[in-house]
Amino acid sequence: MKQASELLRDLEALEREARAAIADATTTDALEGIRIRLLGRKEGRLTAVLRRLGEIAVEERPALGAAANRVKSALTELLGARAAELGAGAARVPGVDLTLPGRDQWAGARHPVTLVIDEICRVFQSLGFTRVRGPEAETDWYNFISLNTPLDHPAADLHDTFYVSDGILLRSHTSPVQIRTMQAFQPPIRVVVPGLVYRRDPFDASHAPAFEQIEGLAVDQGVSFVDLKATLAEFARRLFGRRATVRFRPSFFPFTEPSAEVDVSCILCGGSGCSTCKGTGWLEIMGAGMVHPAVFENVGYDAERYTGFAFGMGPARVAMVRYGIADIRMLYEADVRFLEQFA
Ligand code: DAH
């Protein structure tokens, strides 16, 4: 049977050595090595002493156990204190403040309007439409005249449009890409055209001087208003859900005849009326109509042979409704705290 006094001497020697080693440690790595050699569960020296308690007489165990535990907690505390000292020492390196929080990695994400544009274009792609683009700087012929809009029309006014130079302007809508597409291809044509457009609008809660549009155009023999209605109704169902419906209201655009404003049943209240749809149950999202014969003549299409429909919508509006964004300016201020919600 081991003597309790022998074990007690071992314990005292161990404590003395350990205190010296801890005080001498100059790095946190070295300190961690000491901790493992003392208290490690498998090979720690103090752990070994505690294990040897079983070898001494039963009546001496409590006193020795208490002594071993005192040494263990004293050394644990010393290790902690020395670790804090070494850490604080590192933090005093000139120009380096290790107490500052780390910087978050900003991974980047697609803009909410881009998400909506991609989704809308995907729906139209599933209906047989191809995605195309056109230039943002246009001539007044493409932006107005070819679309049956004479330059003395109010929309062509200097006050409403950004002119770059005589006859060159920033397009005020994506409709000129209808013309460019028809000049480049013969029917049948089915395209959607996302892109930025520019207007001399005030920058307020519901207007921006630059915003996105998506244009659509379908031309073939025998295309009728029924095709327009069916296509847009199916588009609404695929984008907003099976229960979505559309409503056509008579309207006017120079490049379509007849023309309509197209509303979609409110995606928030389903049509019963809420603050988003201002109690009407409907959201205005696009203009549409049958391509005016004068437009076909301007691109050299036979207006007796071909008919077509066109539409133009505002994806920012859709994004605002979908994500509950009250002010359109939030979409264009590039505030990362706002945008990262969509990541
Ligand atoms: N270009 C029109 C605008 O910016 C929107 C539009 C209306 C486009 C009817 C169309 C259409 O293709 O058929 O206000």
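Residues numbered from 1 in each chain as written. Predicted model: local features only at pLDDT ≥ 70, side-chain atom pairs only at ≥ 80, totals over all residues. Heavy atoms only, no water.

Enquirer: Could you give me a rundown of the domain arrangement of the chain, with the residues and numbers involved?
Expert: On domain assignment, one finds that the chain holds domain 1 (4–91) and domain 2 (112–342). Each of domain 1 and domain 2 has a C-alpha centre, and these two points are 76 Å apart. (Domains from an automatic or database assignment.)

Enquirer: Run through the site of the ligand, naming residues and quoting values.
Expert: Close to the ligand lie 15 residues; H173, S175, R199, Q213 and E215 are nearest. In this structure, a nitrogen atom belonging to the ligand sits 2.9 Å away from a side-chain N or O atom of H173. Here Q213 contributes a side-chain N or O atom positioned 2.9 Å from an oxygen atom of the ligand. Protein coverage of the free-state accessible area of the ligand, which is 360 Å², stands at 89%. Those elements that provide at least two residues to the shell around the ligand are β6 (210–220), β9 (282–291) and β10 (307–313). Of the residues assigned to the shell around the ligand, the class counts are five nonpolar, eight polar and two charged. (Near = heavy atom within 4 Å. Polar contact = N/O pair within 3.5 Å; in protein donor to acceptor, adjacent residues only side chain to side chain. Areas by Shrake-Rupley, 256 points an atom, 1.4 Å probe, with all protein chains shown as cover. Helix = DSSP H or I, 4+ residues; strand = E, 2+ residues; numbered from the N terminus. Nonpolar A, V, L, I, M, F, W, Y, C, P; charged D, E, K, R; others polar.)

Enquirer: Quick one: what's the story with the packing of helix α5 (residues 112–126) against helix α10 (residues 315–323), residue by residue and with numbers?
Expert: Contact pair α5 / α10: the axes reach a minimum separation of 9 Å and the direction vectors enclose 110°. One way to sum up the angle between α5 and α10 is to call them roughly perpendicular. Across from P112, V113, L115, V116, I117, E119 and I120 in α5, the residues of α10 making contact are P315, A316, V318, A319, R322 and Y323. When grouped by side-chain class, the residues that make up the contact of α5 with α10 number eleven nonpolar, no polar and two charged. (Axes fitted to C-alpha atoms, helices over the stretch in contact; angles between N-to-C directions. Parallel < 35°, antiparallel > 145°, perpendicular 65-115°, else oblique. Contact = heavy atoms within 4.5 Å.)

Enquirer: Any chance you could break down the packing of aromatic side chains for me, citing the residues and the numbers?
Expert: A full pass over the atoms with the stated rule returns twelve aromatic pairs. Arranged with centres 5.3 Å apart and planes meeting at 70°, the rings of F124 and F129 form a pair that is edge-to-face. Residues F124 and F311 carry aromatic rings whose centres are separated by 4.9 Å and whose planes lie at 25° to one another, so their mutual orientation is stacked. Here the residue F124 occupies a position in helix α5, and F311 occupies one in strand β10, the gap between them amounting to 187 residues. Take F124 and F311: they sit in the same class, and that class is buried. The positively charged end of R180 is found above the aromatic ring belonging to Y142, 3.9 Å away from the centroid. (Phe/Tyr/Trp six-rings, centres within 6.5 Å; stacked < 30°, edge-to-face > 60°. Buried < 20%, exposed > 50% of the residue type's maximum accessible area, 1.4 Å probe, protein only. Lys NZ or Arg CZ within 6 Å of the ring centre and 35° of its normal.)

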